[in-house]
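Residues per chain are reported as follows:
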Amino acid sequence: MNVQDALLGKWVAAIKKTRNSREEDVYLTLSKRTETEYNISITGSLDELRPYRVLISDSLTGTAFISIVDDRQFFNITINSRVYIAELKLKDDKLSLLPLAESFTAKMIRNTTDLRKSVEVHYKTRVHPLVDDDFCLRNMTKLN
């Protein structure tokens, strides 16, 4: 799928680390890499990612492309040679990225066809898909 101009730019989400903590801003920047691929950068309060060893500097950078599964848009995000699948929702000028939990399927995924089928079955058989709540960026607003 081609890059969507409406997604390009800098987005911000207010994130609460714990129930009693204050909100901190996390920024998502999307730019066009190719006709079908995005550059993606996540900056802000990312200290809680250090134990997962995905954070090398003050930001996470990588690439992403959109795929469609059962009329839903997903970002296939590659950061530090790891691939993350996140549902992409753009509604009322608010952007949400909802990464699927690693355990969304018990199947061994060996190819893109298996992955597509597993995501499709997961969304059809659950009232609420298994997302990794600690890494969700919900209701982001565009800064530019």
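Structural data are supplied above this passage.
Bear in mind the structure is a predicted one, so any value in this text is a computation, not a measurement.

Here's the deal with the environment of Gln4
Within the fold, Gln4 resides in the segment before strand E1 (9-16). On a C-alpha basis, the gap between Gln4 and Tyr38 in space is 9.4 Å, while along the polypeptide they are 34 residues apart. Each residue touching Gln4, except ones within four places of it in the same chain, is listed here: Tyr38, Ile66 and Gln73. Engagement of the side chain of Gln4 in a polar contact is seen with the side chain of Gln73, the distance being 3.5 Å.

Focus on the nonpolar core
Ranked by internal contacts, the top residues of the largest apolar core, which has 22 residues, are Leu28, Leu30, Tyr38, Phe75, Leu95 and Met140. Listed by contribution, the elements that provide at least two residues to this core are E1, strand E2 (23-32), strand E3 (38-44), strand E4 (59-69), strand E5 (72-79), strand E6 (82-91), strand E7 (94-99) and strand E8 (137-142). Sequence-distant contacts of Leu95, that is, excluding residues within four places in its chain, are made with Leu7, Trp11, Leu28, Leu30, Leu88, Lys89, Leu90, Leu137, Arg138, Asn139 and Met140.

Section: the pattern of salt bridges
According to the stated counting rule, one finds seven salt bridges in the structure shown. The partner of Lys32 in a salt bridge is Glu35, and the shortest N-O contact between them spans 3.1 Å. By relative accessible area, which is 51% here, Glu35 ends up exposed. Counted as one network, the salt bridges with shared partners bring together Asp70, Lys117, Glu120 and Lys124.

Notes on the layout of surface pockets
The computed volume of the second largest pocket comes to approximately 200 Å³. Of all the secondary-structure elements, those providing two or more residues to the lining of the second largest pocket are E4, E5, E6 and helix H1 (112-125). For the lining of the second largest pocket, the class distribution of residues is eight nonpolar, four polar and one charged.

Calculation rules
- Residues numbered from 1 in each chain as written.
- Predicted model: local features only at pLDDT ≥ 70, side-chain atom pairs only at ≥ 80, totals over all residues.
- Heavy atoms only, no water.
- Helix = DSSP H or I, 4+ residues; strand = E, 2+ residues; numbered from the N terminus.
- Contact = heavy atoms within 4.5 Å.
- Polar contact = N/O pair within 3.5 Å; in protein donor to acceptor, adjacent residues only side chain to side chain.
- Core = buried A, V, L, I, M, F, W, Y, C linked by side-chain atoms within 4.5 Å.
- Buried < 20%, exposed > 50% of the residue type's maximum accessible area, 1.4 Å probe, protein only.
- Salt bridge = Lys/Arg side-chain N within 4 Å of Asp/Glu carboxyl O.
- 1 Å grid on protein atoms, 1.4 Å probe; cavity = no way out; pocket = protein on both sides within 12 Å on 5 of 7 lines; lining within 4 Å.
- Points joined across faces, edges and corners; volume = space filled by probe spheres on them.
- Nonpolar A, V, L, I, M, F, W, Y, C, P; charged D, E, K, R; others polar.

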